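Residue strings, one per chain:
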Amino acid sequence: MSRKNPRTKKRKGQSKGKGKQKRRSQRTAATSDKHELYELSVQDTEAECEFIDQVWKERRKRFARRLREDFCGTAATSVEWVKRRKDNTAIGVDIDPTVLKWREAKLPDGLDPEQRKRLTLRQGDVRTVRTPRIECVLAMNFSYYLFKTREALRTYFKHVRSSLVNDGMFVLDAYGGSESFEELEEPRKVKGFTYVWDQHAYNPITGDALNYIHFRFPDGSQIKKAFEYDWRLWTLPELQELLTEAGFAKVTVYWEGTDEETEEGDGEFKPTTEGEACEGWIAYLVAEK
Ligand SMILES: C[S@@+](CC[C@H](N)C(=O)[O-])C[C@H]1O[C@@H](n2cnc3c(N)ncnc32)[C@H](O)[C@@H]1O
């Protein structure tokens, strides 16, 4: 299995609002909203929620209801979660008030008043935030890679564990593969603009990876460094060890299957202990309290 661009969960052929899109004038840097571009190019919140359901069905024989989305950014997954079932609740946590305000402003369009009541946006640090006991904590798009030492990451994992109900689960994603250690730029066309994943610098001594997202537009304008990620590139064995050290009873890696035609990831994730040494992969980890 291999993915051309590890920073995308969008499945092939999938486009939000297909067929319903209004005719719009050409996007330019000046008329674009970087958070909207991020959601369109990087996130697939439906697939994330489907994965959570899959894991809960497989491991707990029920669906989770109470979700906390750590590093929620625009809280797109929390929004999707409360829409998904009538008794679902979500708490999105982010340290940056501007992204939460961005979401607040959009809520009247995205959720009806009843759904809105089941969504809480909290400004706070995921290492210290206190929430009512949660069934499932989610940390997506590798956001926790910003904790660069084993100690810092273990402390965060411990805090997540303490936030969970007794049979709660923590779902997080990871990326890697031989190309993840390279300095490269990968442009990908999205409707109306180009998303560029820029693996700008990698230091093999510390494991530090400095990555950017840029957006380019048909008129030649661009939003350079729309997002910056100063990360440590963690590996799956390190993550499994740290989750175990943080007290999780069981940690499982879900590896993506291969589409036979394209030989790329097929969006189906299954538990396994044997992956493939491919150039680019994303995987999920499921840590059970
Ligand atoms: C890459 S975005 C993630 C957006 C979205 N959750 C996703 O899956 O694509 C990372 C977010 O983490 C937030 N963040 C960084 N450090 C944090 C911390 N210690 N506690 C809470 N949020 C934090 C940033 O403000 C940013 O919005």
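Computed from a predicted model, the values in this text were never measured in an experiment.

A.B. asks: Would you take a moment to explain the layout of surface pockets for this structure?
C.D. replies: Unfilled space is identified by rolling a water-sized probe across the atoms. As a volume, the second largest pocket reaches approximately 790 Å³. Surrounding the second largest pocket, 33 residues form its lining, Phe-71, Gly-73, Asp-94, Ser-143 and Tyr-229 being those nearest its centre. Counting residues per element, the ones that place at least two in the lining of the second largest pocket are α1 (34-41), β1 (66-70), β2 (89-94), β4 (134-139) and β9 (222-232). For the lining of the second largest pocket, the leading source of residues is β9, giving 6 residues.

A.B. asks: Sorry if this is basic, but what is going on with the pairing of strand β11 (residues 265-271) here?
C.D. replies: Strand residues, when the strand is regular, have side chains that alternate between the two faces of the sheet. Here strand β10 (residues 250-258) runs beside β11; their pairing, made up of 4 bridges, is antiparallel. Paired with Tyr-254 across the bridge in β11 is Pro-271. Once β10 ends, the chain turns through 6 residues before running back antiparallel as β11, passing Glu-263 with a positive phi of about 60°.

A.B. asks: For this particular structure, what's the right way to read the sheet that holds strand β5 (residues 164-176)?
C.D. replies: By definition, the strands of a sheet pair up through backbone hydrogen bonds, in either a parallel or an antiparallel sense. Strand order across the open sheet formed by 8 strands is β3-β2-β1-β4-β5-β12-β10-β11, with mixed pairing between neighbours. With partners counted over all chains shown, the strands left at the sheet margins are β3 (119-123) and β11, one partner each. Pairwise comparison of adjacent strand axes, ignoring direction, gives a mean angle of 20° for this sheet. Relative to β3, β2 runs parallel, the two sharing 5 bridges. Looking at the pairing, Val-93 lines up with Arg-122 of β3. Its contacts with the sheet put helix α3 (residues 76-84) on β1, β2, β3 and β4, and the angle it makes with β2 is roughly 175°. Across the sheet, helix α7 (residues 236-245) touches β5, β10 and β12 (281-288), and the angle it forms with β12 is around 15°.

A.B. asks: When you look at the packing of helix α6 (residues 150-163) against α7 in this model, what are you seeing that I'm missing?
C.D. replies: A pair of packed helices can be characterised by two numbers: the angle between their axes and the separation between those axes. Between α6 and α7, the shortest axis-to-axis distance is 9 Å and the interhelical angle comes to 55°. If you check the angle between α6 and α7, you find them oblique. Note that α6 runs across α7; the crossing there is right-handed. Together, Arg-150, Leu-153, Arg-154, Phe-157 and Lys-158 of α6 and Leu-239, Glu-241, Leu-242, Leu-243 and Glu-245 of α7 make up the contact between the two elements. Considering only residue class, the contact of α6 with α7 consists of 5 nonpolar, no polar and 5 charged.

A.B. asks: Please clarify how the nonpolar core should be interpreted in this entry.
C.D. replies: Soluble globular proteins tend to bury their nonpolar side chains together. Counting residues in hydrophobic clusters, the biggest one holds 84 residues, and the most contacted among them are Tyr-144, Tyr-156, Phe-157, Phe-170, Phe-215, Phe-248 and Leu-285. Three or more residues apiece are contributed to this core by two domains, here domain 1 (34-176 + 234-288) and domain 2 (180-228). Beyond its immediate chain neighbours, meaning those up to four positions away, Leu-285 contacts Tyr-144, Phe-170, Val-171, Leu-172, Ala-174, Leu-236, Leu-239, Gln-240, Leu-243, Val-251, Thr-252 and Val-253.

A.B. asks: How do you make sense of the domain arrangement of the protein chain when you look at a structure like this?
C.D. replies: Where interface size is given, it is often the accessible area lost as the parts come together that is meant. Partitioning the protein chain into domains gives domain 1 (34-176 + 234-288) and domain 2 (180-228). Computed over C-alpha atoms only, the centres of domain 1 and domain 2 are separated by 23 Å. Roughly 1,100 Å² of surface becomes buried between domain 1 and domain 2 when both sides are summed, with 69% attributable to carbon and sulfur atoms. Summed over the shared surface of domain 1 and domain 2, the result is 1 salt bridge. Of the charged contacts in the structure, one is a salt bridge between Lys-148 and Asp-208, with a shortest N-O distance of 3.3 Å. Here domain 1 and domain 2 share 4 residue pairs in polar contact (both at pLDDT 80 or more) between them. Among the secondary structure elements, those contributing two or more residues to the side of domain 1 that touches domain 2 are α1 and β5. It is α1 that contributes the most residues to the side of domain 1 that touches domain 2, 6 residues altogether. For the side of domain 1 that touches domain 2, the per-class residue count stands at 5 nonpolar, 3 polar and 3 charged.

Thresholds applied
Residues numbered from 1 in each chain as written. Predicted model: local features only at pLDDT ≥ 70, side-chain atom pairs only at ≥ 80, totals over all residues. Heavy atoms only, no water. 1 Å grid on protein atoms, 1.4 Å probe; cavity = no way out; pocket = protein on both sides within 12 Å on 5 of 7 lines; lining within 4 Å. Points joined across faces, edges and corners; volume = space filled by probe spheres on them. Helix = DSSP H or I, 4+ residues; strand = E, 2+ residues; numbered from the N terminus. Pairing = 2+ DSSP bridges. Axes fitted to C-alpha atoms, helices over the stretch in contact; angles between N-to-C directions. Contact = heavy atoms within 4.5 Å. Parallel < 35°, antiparallel > 145°, perpendicular 65-115°, else oblique. Left-handed = near helix turned anticlockwise from the far one by under 90°. Nonpolar A, V, L, I, M, F, W, Y, C, P; charged D, E, K, R; others polar. Core = buried A, V, L, I, M, F, W, Y, C linked by side-chain atoms within 4.5 Å. Buried < 20%, exposed > 50% of the residue type's maximum accessible area, 1.4 Å probe, protein only. Domains from an automatic or database assignment. Buried area = accessible area lost by both parts, 1.4 Å probe. Salt bridge = Lys/Arg side-chain N within 4 Å of Asp/Glu carboxyl O. Polar contact = N/O pair within 3.5 Å; in protein donor to acceptor, adjacent residues only side chain to side chain.

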